[in-house]
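Structural characterization, general
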Amino acid sequence: MRSSTLLICTCLPEVQPVRSLRHTMSSAGTGSSLRVHAVRFGPGQELLGSLQAFVEERRLRAPFIITCVGSVTKATLRLANATATNTNEVMHLTGRFEIVSLVGTLNPEAHLHISLADGEGRTIGGHVLGDLEVFTTAEVVVGEAVDLQFTREMDQQTGFPELVVRGRSQTNESA
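Residues numbered from 1 in each chain as written. Predicted model: local features only at pLDDT ≥ 70, side-chain atom pairs only at ≥ 80, totals over all residues. Heavy atoms only, no water.

1. As for the overall build of the chain
Helix and strand counts for the chain stand at two helices and seven strands. Traced from its N-terminal end to its C-terminal end, the chain shows the element sequence β-α-β-β-β-β-β-β-α. Within the span of the chain, comprising 175 residues, buried residues form 34% of the whole. Pairs at least 24 residues apart make up 62% of the contacts formed inside the chain by residues separated by at least 6 positions. Entry remark: accessible area of the chain is about 11,200 Å², with carbon and sulfur atoms responsible for 52%. (Helix = DSSP H or I, 4+ residues; strand = E, 2+ residues; numbered from the N terminus. Buried < 20%, exposed > 50% of the residue type's maximum accessible area, 1.4 Å probe, protein only. Contact = heavy atoms within 4.5 Å. Areas by Shrake-Rupley, 256 points an atom, 1.4 Å probe, with all protein chains shown as cover.)

In structure tokens form, the structure reads like this:
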């Protein structure tokens, strides 16, 4: 029987918030331990709502998508040229689509992006608004940064609620 060892080396300096005239970066600084969850959703289930219920049931505080494979028959996506004042750039898809990629954070105000491929291999993607109806399966691996908490706060510059990352001890002290 073969034995193997996985060594993970984090050799990066501690990340501090970076502020400039144009951009602000949110970071908890020291990183976090990782907990991994796997879940499969079946035909007819709405993927976004099912993921949010999964996160709520397990009380995950800094959840994110690691990977997802599967297929959907419907999707509602906001396209890249939408703004806070013009959110009408929305696409409603129906048909059979393979999930090529699903990424993002799953705090209560989830921020997910998806890429879908149609029967001819053409892809379309955007910000998930919902209505992701599973066709055959959706196999999702969810990560949780156990030492962090994700929230969203309105960003005056973008006009959207944006991710705020806090250490869990910071949120416990202010609670």
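2. Topic: the environment of Leu106
In this fold, Leu106 is placed in the loop between strand 3 (90-105) and strand 4 (111-117). For the pair Leu106 and Leu60, spaced 46 residues apart in the sequence, the C-alpha separation amounts to 8.8 Å.

3. A few points about the side chain of Gln149
Position of Gln149 relative to the elements: it lies in strand 6 (residues 148-154). Residue class for Gln149 comes out buried when judged on its relative accessible area of 18%. A polar contact is formed between the side chain of Gln149 and the side chain of Arg61, at a distance of 2.4 Å. (Polar contact = N/O pair within 3.5 Å; in protein donor to acceptor, adjacent residues only side chain to side chain.)

4. Details of the pattern of salt bridges
Between side chains of opposite charge, a pair can form when the charged atoms approach closely. All told, the structure shown has eight salt bridges when counted by the stated rule. Linking Arg168 and Glu144 is a salt bridge whose minimum nitrogen-to-oxygen distance equals 3.3 Å. Here Arg168 is found in helix 2 (residues 168-174), whereas its partner Glu144 is found in strand 5 (residues 123-145), with 24 residues between them in sequence. The class for Glu144 is buried, based on a relative accessible area of 3%. It is possible to trace a salt-bridge network through shared partners that takes in Arg35, Glu144 and Arg168. (Salt bridge = Lys/Arg side-chain N within 4 Å of Asp/Glu carboxyl O.)

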